[in-house]
Amino acid sequence: MKKILRKQIFSGLAIALLLPLGTNSVSALDKPLDALNVDPIDERYEDSFTIGAAVEPYQLEGKTAKILKHHYNSIVAENVMKPINIQPEEGKFNFEEADKIVKFAKENDMDLRFHTLVWHSQVPQWFFLDKEGNPMVDETDPKKREKNKRLLLKRLETHVKTIVKRYKDDVDSWDVVNEVIDDSPQNEKGLRESPWYQVTGTDYIKVAFETARKYAGKDAKLYINDYNTEVEPKRTYLYNLVKDLLEQGVPIDGVGHQSHIQIGWPSIQEIEDSINLFASLGLDNQITELDVSLYGWPPRPAYETYETIPEEKLQAQAERYDALFALYEKLDNKISNVTFWGIADNHTWLDGRAQQYNNGVGKDAPFVFDPDYKVKPAYWSIMD
């Protein structure tokens, strides 16, 4: 594997040295370079892992499409492949928006991640209603509860089978189940007590993976995806669950680490320990939803606009990205994909979170391109 010496690049002089010969370094620094006029990120890491971005269908045209083609060789749907969008009503599948992303990936020779087959959020409630329309979780009769369990697992199997068969020749990596470990667990195994769990225990996880494996392409990989996989006790709860499922023969190929992280949290050592922990089970690792927030938790106070973010904050973010990608490259035999949960700072779910905690006002900037698709210090740091 080609190895490139990593150096932190933050000074104006260092950036100037990276510019093409004949470029005026002063003007380039005064006016950051456009994302289309710098080297592709995916080529920088082509010997280590694929580089992805989460997208909405409207981003598959115009300048964002050009940037996707230039910098990324993998994409994932930010929202349109989630259960509530794919099957909002039982038996009525809606593939129109998902098909657009599949088509774009095929036309541009990109890897495609599917997110997500099973989740406790953004899932239509009809899944969890019995045949009389009553919530399954409220049922107390043991015989009826068992009947509800069979019905729910059948619905799940149909959902997974229908989607996987449609895209079996297109999807390289499947997020089969998402966020099954709780931050504040109510049971000794740390499992999220969603309706899936309350009705079926962990059987829904097994059925989802077994069904996906049955119908997916032979080279497609199946992942269990979660956030805060770097920190305890969540990391150990997830490890114990995956280990137990593997011992039962459940076909899990890897762990997806969402990596919605901050400039100062979690530590690089915690991230490394987590990747090594799951690799010890013989599993692949993917960084599935990477963004580096400018804020701690909770995200207050927040900057009101992008223009009010101080330069030193963006430099600190660049240092964080440098350390992250140095680690990813160090562990590239255990990581097959790194996906950003967005393209540029003009579209990020983190804005909503900042606004939620700051009376409706707040701007985050988690990526390596600014709202106008200009490169940020973080771009230079991951490109060396």
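The chain has the name Beta-xylanase in an unreviewed UniProt entry, where Metabacillus bambusae is given as its organism. Its UniProt record gives the chain the following Sequence similarities (unreviewed entry) comment, quoted word for word: "Belongs to the glycosyl hydrolase 10 (cellulase F) family." The UniProt entry for the chain carries the following comment under Pathway (unreviewed entry): "Glycan degradation; xylan degradation."

A.B. asks: What exactly am I supposed to notice about the pattern of salt bridges here?
C.D. replies: Any two side chains of opposite charge can pair, given that their charged atoms come close. Considering all chains together, one arrives at 24 salt bridges under this definition. Salt-bridge contacts for R44 lead to D384; the nearest nitrogen and oxygen are separated by 2.5 Å. In this pair, R44 sits in helix 3 (residues 41–44) while D384 sits in the segment after helix 14 (377–383), placing the two residues 340 residues apart along the sequence. Comparing R44 with D384, the two get one shared label, buried.

A.B. asks: I tried to follow the side chain of K206 on my own but got confused; where do I start?
C.D. replies: Secondary-structure assignment places K206 in helix 9 (residues 203–215). Among the polar contacts made by the side chain of K206, one reaches the side chain of Q248 at a distance of 2.8 Å. Not counting residues within four places of it along the chain, the set of residues in contact with K206 comprises L245, Q248 and V250.

A.B. asks: Which parts of the structure should I look at to understand empty space enclosed by the protein?
C.D. replies: Once rolled over the atoms, a probe with the size of a water molecule shows which space is left empty. A full pass over the atoms with the stated rule returns 2 cavities of 30 Å³ or more. As a volume, the largest cavity reaches approximately 50 Å³. Every residue lining the largest cavity is listed: V118, W119, H120, N178, E179, V180, R192, S194, W196 and Y204. Along the lines of polarity and charge, the residues of the lining of the largest cavity split into 5 nonpolar, 3 polar and 2 charged.

A.B. asks: Even after reading the chapter, I still don't get the UniProt feature "active site" (unreviewed entry) in the chain, so can you show me in this structure?
C.D. replies: When the UniProt feature table is mapped onto this chain numbering, "active site" (unreviewed entry) sits at E289. Summarising the element assignment, E289 is placed in strand 8 (residues 284–293). Its relative accessible area of 5% is what places E289 among the buried residues. With residues up to four places along the chain from it excluded, the contact list for E289 reads H115, N225, H257, Q258, S259, H260, T339 and W341.

A.B. asks: How should I be thinking about the confidence of the model for the chain in this particular structure?
C.D. replies: It should be kept in mind that the predicted coordinates are not to be read in detail where pLDDT is low. Chain-level pLDDT for the chain is 93 on average; 92% of the residues reach the 70-or-more range. Low confidence marks residues 8–29, where pLDDT is under 50. Its contacts with residues over four positions away, or in another chain, come to 24 contacts.

A.B. asks: I would appreciate a short explanation of the pairing of strand 2 (residues 74–77) in the present structure.
C.D. replies: Side chains on a regular strand alternate between the two faces of the sheet. Burial along strand 2 is two-sided: the face carrying S74 and V76 and the face carrying I75 and A77 are both buried. Bridge count for strand 1 (residues 50–55) against strand 2 is 4 bridges, and the pairing is parallel. Bridge assignment links G52 to a residue of strand 2, and that residue is S74. Taking the sense of rotation as the criterion, the β-α-β connection linking strand 1, helix 4 (residues 62–71) and strand 2 turns out right-handed. Alignment of strand 2 against strand 3 (residues 111–119), held across 3 bridges, turns out to be parallel. Bridging from a neighbouring strand, V76 pairs with R113 of strand 3.

A.B. asks: Explanation requested: the nonpolar core in the structure shown.
C.D. replies: Generally speaking, soluble globular proteins have nonpolar side chains that are buried together. Counting residues in hydrophobic clusters, the biggest one holds 101 residues, and the most contacted among them are W174, L290, Y321 and F325. In terms of residue count, helix 7 (residues 142–167) provides more of this core than any other element does, 8 residues in total. Among all residues touching L290, those that are not within four sequence positions of it are Q258, S259, I261, Y321, L324, F325, Y328, V338, T339, F340, W341 and F367. Residues Y295, Y306, I309 and L314 belong to the second largest nonpolar core, which totals 8 residues.

A.B. asks: Which parts of the structure should I look at to understand the layout of surface pockets?
C.D. replies: When its volume is computed, the largest pocket comes out at roughly 490 Å³. If you go around the largest pocket, you meet 19 residues; those closest to its centre are Y227, Q258, H260, W349 and R353. Put simply, the parts of the chain that give the lining of the largest pocket at least two residues each are strand 3, strand 7 (260–262) and helix 13 (349–356). By residue class, the composition of the lining of the largest pocket is 6 nonpolar, 8 polar and 5 charged.

A.B. asks: Mind showing me how you'd approach unusual backbone geometry here?
C.D. replies: A negative phi angle is the norm for most residues apart from glycine, just as the trans form is the norm for most peptide bonds. Cis geometry marks the peptide bond from W265 to P266; its omega dihedral reads -10°. In this structure, P266 sits in the loop between strand 7 and helix 11 (268–279). In this structure, the amide linkage connecting W297 to the following residue, P298, adopts the cis form with an omega of -5°. As for its position among the elements, P298 is in the loop between strand 8 and helix 12 (311–330). Not every positive phi belongs to a glycine, and N228 is a case in point at roughly 55°. In this fold, N228 is placed in the loop between strand 5 (221–226) and helix 10 (234–247). The class of N228 is buried, set by a relative accessible area of 19%. A positive phi angle, close to 65°, is found at S259, a residue other than glycine.

A.B. asks: What is the right way to look at the pairing of strand 9 (residues 335–340) in this model?
C.D. replies: Most of strand 9 sits inside the fold, with 5 of its 6 residues counted as buried. Judged from the 4 bridges that link them, strand 8 and strand 9 form a sheet pairing that is parallel. When the sheet's bridge partners are listed, I287 is paired in strand 9 with V338. Taken together, strand 8, helix 12 and strand 9 constitute a β-α-β crossover, and its handedness is right-handed.

A.B. asks: I'm lost on the packing of aromatic side chains in this one. Help?
C.D. replies: Aromatic ring pairs are reported here in terms of the distance separating the ring centres and the angle at which the planes meet. The final tally for this structure, using the stated rule, is 21 aromatic pairs. Arranged with centres 5.8 Å apart and planes meeting at 20°, the rings of W196 and Y204 form a pair that is stacked. One exposure class covers both W196 and Y204, and it is buried. Considering the side-chain rings of W297 and Y357, the 5.1 Å spacing of their centres and the 70° angle between planes classify their relative orientation as edge-to-face.

Rules and cut-offs
Residues numbered from 1 in each chain as written. Predicted model: local features only at pLDDT ≥ 70, side-chain atom pairs only at ≥ 80, totals over all residues. Heavy atoms only, no water. UniProt positions renumbered as here; feature names shortened; annotations may be inferred. Salt bridge = Lys/Arg side-chain N within 4 Å of Asp/Glu carboxyl O. Helix = DSSP H or I, 4+ residues; strand = E, 2+ residues; numbered from the N terminus. Buried < 20%, exposed > 50% of the residue type's maximum accessible area, 1.4 Å probe, protein only. Polar contact = N/O pair within 3.5 Å; in protein donor to acceptor, adjacent residues only side chain to side chain. Contact = heavy atoms within 4.5 Å. 1 Å grid on protein atoms, 1.4 Å probe; cavity = no way out; pocket = protein on both sides within 12 Å on 5 of 7 lines; lining within 4 Å. Points joined across faces, edges and corners; volume = space filled by probe spheres on them. Nonpolar A, V, L, I, M, F, W, Y, C, P; charged D, E, K, R; others polar. pLDDT = per-residue confidence, 0-100. Pairing = 2+ DSSP bridges. Right-handed = clockwise from strand over helix to strand, strands pointing away. Core = buried A, V, L, I, M, F, W, Y, C linked by side-chain atoms within 4.5 Å. Phe/Tyr/Trp six-rings, centres within 6.5 Å; stacked < 30°, edge-to-face > 60°.

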